[in-house]
Amino acid sequence: MDPCPFVHLIVESLALKLSLGSGLQSAATPCFCKLKLKHFPSQTALLPLSSASGDSPPESSTSLAGFHLDASILRRLAGKPVALTVSVYAGRMGCTCWVSSGKLLGRVHVSVVIEGTELRPTLFRSGWVKLGKDPDKPSARLHLVVRAEPDPRYVFQFGAEPECSPVVFQIQGGRRQPVFSCKFSADRSSRSRSLASDFTASETANRRWLNTFSGERERTGRERKGWMITIHDLSGSPVAAASMITPFVPSSGSDRVSRSNPGAWLILRPHGFSFSGWKPWGRLEAWRERGSTRDGLSYKFELVTETGPTTGIPLAESTMSVKKGGVFCIDSTLFSNNNSGIRGFVMSSTVEGEGKVSKPVVQVAVQHVTCMADAALFIALSAAMDLSMDACRLFSHKLRKELCHEEQDYV
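What you see is a predicted model, and the numbers here were worked out from it, not measured in a lab.

Here is what the cut-offs are and how they apply
Residues numbered from 1 in each chain as written. Predicted model: local features only at pLDDT ≥ 70, side-chain atom pairs only at ≥ 80, totals over all residues. Heavy atoms only, no water. Phe/Tyr/Trp six-rings, centres within 6.5 Å; stacked < 30°, edge-to-face > 60°. Helix = DSSP H or I, 4+ residues; strand = E, 2+ residues; numbered from the N terminus. Buried < 20%, exposed > 50% of the residue type's maximum accessible area, 1.4 Å probe, protein only. Lys NZ or Arg CZ within 6 Å of the ring centre and 35° of its normal. Salt bridge = Lys/Arg side-chain N within 4 Å of Asp/Glu carboxyl O. Pairing = 2+ DSSP bridges. Axes fitted to C-alpha atoms, helices over the stretch in contact; angles between N-to-C directions. Patch = residues over 30% accessible without salt bridge, like charges linked within 9 Å, V, L, I, M, F, W, Y side chains within 5 Å. Areas by Shrake-Rupley, 256 points an atom, 1.4 Å probe, with all protein chains shown as cover. Lys, Arg positive; Asp, Glu negative; His and termini not counted. Charge placed at Lys NZ, Arg CZ, Asp CG, Glu CD.

### What about the packing of aromatic side chains?
Counting across every chain of the model gives eight aromatic pairs. Centroid distance Phe156 to Phe180: 6.2 Å. Interplanar angle 50°. Geometry classified as tilted. Of this pair, Phe156 sits in strand β11 (residues 153–158) while Phe180 sits in strand β13 (residues 175–185), and the two are 24 residues apart along the sequence. The buried category is assigned to Phe180, whose relative accessible area is 1%. Consider the rings of Tyr299 and Phe328, whose centres lie 5.0 Å apart with planes at 65°: the pair is edge-to-face. Note that Tyr299 is positioned in strand β18 (residues 296–305) and Phe328 in strand β20 (residues 326–331), a separation of 29 residues in sequence. The ring of Phe169 has Arg176 lying over it, and the distance from NZ or CZ to the ring centre is 4.3 Å.

### Points about the pattern of salt bridges
For the structure on display, the rule yields 14 salt bridges. Close ionic contact of Glu12 with Arg147 constitutes a salt bridge, the shortest N to O distance being 2.5 Å. Pair noted here: Glu12 is in strand β1 (residues 7–17) and Arg147 is in strand β10 (residues 141–150), with a separation of 135 residues, a long-range link. The partly exposed category is assigned to Glu12, whose relative accessible area is 21%. Judged by relative accessible area, Arg147 falls into the partly exposed class, the value being 22%. Among the salt bridges present, the one from Arg400 reaches Glu402, with a minimum N-O distance of 2.7 Å. The class for Arg400 is partly exposed, based on a relative accessible area of 27%. Judged by relative accessible area, Glu402 falls into the partly exposed class, the value being 27%.

### A closer look at the pairing of strand β22 (residues 361–365)
The element β22 is extensively covered by neighbouring structure, given that four of its five residues are classed as buried. Bridge count between strand β21 (residues 345–351) and β22: three bridges; the pairing is antiparallel. For Ser348, the partnering residue across the bridge sits in β22 and is Gln363.

### So, the sheet that holds strand β5 (residues 81–90)
Reading across from one edge, β3-β2-β5-β8 is the order of the four strands in this open sheet, with antiparallel pairing throughout. On the outer flanks of this sheet lie β3 (43–46) and β8 (103–113), each paired with one strand and no other. The mean angle between the axes of side-by-side strands here comes to 20°, regardless of whether they run parallel or antiparallel. Where β5 meets β8, ten bridges bridge the pair, whose relative direction is antiparallel. Opposite Leu84, over in β8, you have Val110 as the bridge partner.

### With respect to the environment of Ala373
Take Ala373: it is sitting in helix α4 (residues 372–391). Residue classification places Ala373 among the partly exposed residues on the basis of a relative accessible area of 29%. Considered as a pair, Ala373 and Ile231 are 142 residues apart in the sequence and their alpha carbons are 9.3 Å apart.

### Some thoughts on a positive patch on the surface
On the surface, Arg294, Lys323, Lys324 and Lys356 cluster together into a patch of positive charge. Take Lys324: it is sitting in the loop between β19 (308–321) and β20. Here Lys324 falls in the exposed class, since its relative accessible area comes to 60%.

### A look at the sheet that holds strand β9 (residues 122–130)
If you trace the four strands from one edge of the open sheet to the other, you get β4-β1-β10-β9, paired in antiparallel fashion. Whereas interior strands pair on both sides, the edge strands pair on one side only; in this sheet they are β4 (67–69) and β9. Going across the sheet, the axis of each strand differs from the next one's by a mean of 10°, ignoring polarity. As defined by bridge partners, β1 adjoins β10 across nine bridges and the pair is classed as antiparallel. Residue pairing for β10: His8 is matched across the bridge by Glu149.

Right, here's the structure in full:
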């Protein structure tokens, strides 16, 4: 498999040093910065205040997620310096009456030349920078490091919606090569039995894990359960799967899946020398979050450890709009509660909003793929995330026929 070129533009080691002439009390006034780069949404972060002397590094600092540049952006910016702007404000973050709050202390402009950064790490700026324009007037100083690192990724796309059992293609430049096939099943009656029998190795322990993952919940009435999607390689062998281990059911007195009672998936890999057994790799929970103007799809993903399901390692937790969809992402710069040892970008997958045709595009960092089976796990996870948008649909709305059992109504 050939990866696609990506570049991660990193902005880190951010800290602020206030001068005596700035008119601000460092202990009482919060400060923040706003980062802008053409073609990308702005990013904002609180700035820690430093009392380091001279040009010494700050005692504490913060970082932003930075910008991930794909091949099309790299081509667009080739040979052209682009301005990265960091605006520093004193006051609280946010807006009041549609006007940005905070007093502008100054701006720093960093010229970034992207060409060549897909091949080698590049440092653009490091150290303290004065914010004021008058060289003779005391002003605040900003510490920052701006650098770029190659971040090659494998890119995949589902040929159709996951519930339609599509082929998955690898994308490289203008080429599309089939690498996986999917098999979706919504067999309500046999799913729990077949999954339990699939855990053939270490049978007693696996059944205990199965009960713990599912919460041993059996429900009657309205529920979405038994969904499973299996990923096959080109030879037809199963290399990964996502199984709905906990049904998606509406909370009492409502028609929505709530945070207190989320549905859950297990992401599975083949176990041992036989493909008849599965071993848990990850667990994905999803529920519908009620919003002031519109609902959101919330999720939590964690790795399953060898010691069992109670010691999972959280890697991602967020909410996306059910109307517009969003991007499911595992990135240590976006998730602070990360003790997995994973650093930087791992994977991302697009998720369309409710009622829209969804053909997820999946990106996986090269360093996390040693074989096709590794990539298949992320494909299975992406499918589970996409299907969760349907599983969390209000129960007053009908699902399409591919997602329904024979006895259920569908659109």
